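# Structural features, examined
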Amino acid sequence: MTRLLFAAALAAIATPVPALAKTTPLAARSPAHAPAEVRMDHISIVKSGSGPAVVFIPGLASPRQSWDRVISGLPANHTLYLVQVNGFGGDAPGANLKPGMLDGIVADLSAYLLREKVGSVRLVGHSMGGLVGMMFVRAHPGQVERLMIVDALPYFPALMARGGVELTPAQVEPIAKTMRDTVAARYGKPIDPAAIKSGVDGLAVKPESQAQMAKWAVGADPRVTGEALYEDMSTDLRPWLAAMALPITVITPWSSAGFSKQQTMAFYGRQYAAAPNVAYVDIADSGHFVMLDQPAAFRAALDTFLKR
């Protein structure tokens, strides 16, 4: 079994990040050739390339740049739609300070794809983005051809089970509220580099990955992070897995410093047992941010997913 997702939640609490820190959005990197950013209430989207449509949704407190190391060359034969949650990349939070944030992300993405007549997409989501991907399939099954879930679960609190006994929703609720309020209280507070480092070190195994995540950490609005974390912990999609008949690929990172491959695969197999069409890809020597720790292995898995 892996504890990487739970570590992500704890890292969010430990990281005192200010709102609207200055970052360089993907669309602003090369003004002469930059794709346009379309901003909605809950998300913004940057489109590039041509060919079959692929949507990428980053995880908790992560900007769209989290995919940069694994999408090089894809726009040559795919149309990429890079989602960013408002407030996660140094931008304004938009409508993400209110309850219903994850449902709002799903609604915004669906409306955009319909408006642009994109058709059925291949959807890739990391961590919270993986949960959002499952929510999107539940709400709009006709808009998704296949789904890749990167180190995410249909029910986050499964990670909190003790002795095989899961917490009930009533038991989870006060924990989720405390996490939300603790994270949101960091808004506007001074940055503590040591706290940032302790928060991100458990989410990746390579020092360069940890350094990159620390840079991103100062760009996320903690009020948005707190609300997203609360909603992630309060969402249980297991009852809908059996109805998700589309092909699903689950990326399961593991490392010798954590749980073994066998333990990790067994845990994920139990979580997705009800889904009828699941393929698992384990990636060794990796933390939660597998696309940073092992970009080549992740890209190989992504290429296979796109060719299925």
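Each remark here, short or long, concerns the structure printed above.
Cut-offs and rules
- Residues numbered from 1 in each chain as written.
- Predicted model: local features only at pLDDT ≥ 70, side-chain atom pairs only at ≥ 80, totals over all residues.
- Heavy atoms only, no water.
- Helix = DSSP H or I, 4+ residues; strand = E, 2+ residues; numbered from the N terminus.
- Areas by Shrake-Rupley, 256 points an atom, 1.4 Å probe, with all protein chains shown as cover.
- Axes fitted to C-alpha atoms, helices over the stretch in contact; angles between N-to-C directions.
- Parallel < 35°, antiparallel > 145°, perpendicular 65-115°, else oblique.
- Contact = heavy atoms within 4.5 Å.
- Nonpolar A, V, L, I, M, F, W, Y, C, P; charged D, E, K, R; others polar.
- Salt bridge = Lys/Arg side-chain N within 4 Å of Asp/Glu carboxyl O.
- Buried < 20%, exposed > 50% of the residue type's maximum accessible area, 1.4 Å probe, protein only.
- Pairing = 2+ DSSP bridges.
- Left-handed = near helix turned anticlockwise from the far one by under 90°.

The subject of this paragraph is the overall build of the chain. Tallying secondary structure elements over the chain gives 10 helices and 8 strands in all. With the model as given, the accessible surface of the chain reaches about 12,100 Å², and the carbon-plus-sulfur share is 58%.

This part covers the packing of helix α4 (residues 169-184) against helix α7 (residues 222-233). Interaxial distance between α4 and α7 falls to 7 Å at its minimum, and their mutual angle equals 170°. In terms of axis orientation, α4 runs roughly antiparallel to α7. Here Val172, Glu173, Ile175, Ala176, Lys177, Met179, Arg180, Val183 and Ala184 of α4 lie close against α7, whose contacting residues are Pro222, Arg223, Thr225, Gly226, Glu227, Leu229, Tyr230 and Met233. For the contact of α4 with α7, the class distribution of residues is 10 nonpolar, 2 polar and 5 charged.

Our next topic: the pattern of salt bridges. Applying the stated criterion across every chain, the model contains 12 salt bridges. We note a salt bridge from glutamate 37 to arginine 64, for which the minimum N-O separation is 3.0 Å. Taken as a pair, glutamate 37 in strand β1 (residues 37-39) and arginine 64 in the loop between β3 (53-57) and β4 (79-85) lie far apart in primary sequence, 27 residues in all. Between arginine 122 and glutamate 145 there is a salt bridge, with the nearest N and O atoms lying 3.5 Å from each other. Residue arginine 122 is located in strand β5 (residues 121-126), and its partner glutamate 145 is located in strand β6 (residues 144-150); the two are separated by 23 residues in the primary sequence. Looking at arginine 122, the relative accessible area reads 11%, which means it is buried. Take glutamate 145: its relative accessible area is 31%, and that puts it in the partly exposed class.

Read across the sheet, 8 strands follow the order β1-β2-β4-β3-β5-β6-β7-β8 without closing on themselves; strand pairing throughout is mixed. Strands with a single pairing partner mark the edges of an open sheet, and in this sheet they are β1 and β8 (278-283). Shown here is a sheet whose adjacent strand axes are inclined to one another by a mean of 20°, direction ignored. Pairing geometry for β5 and β6, over 6 bridges, is parallel.

Time to look at the packing of helix α2 (residues 101-115) against helix α3 (residues 128-139). In the contact formed by α2 and α3, the axes pass within 10 Å of each other and the chain directions differ by 60°. Considering their axes alone, α2 and α3 lie oblique with respect to each other. The handedness of the crossing between α2 and α3 is right-handed. In contact with Leu102, Asp103, Ile105, Val106, Leu109, Ser110 and Leu113 of α2, α3 contributes Met128, Leu131, Val132, Met135, Phe136, Arg138 and Ala139. Of the residues contributing to the contact of α2 with α3, the split by class is 11 nonpolar, 1 polar and 2 charged.

Everything listed is a geometric property; what it means functionally is a separate question.
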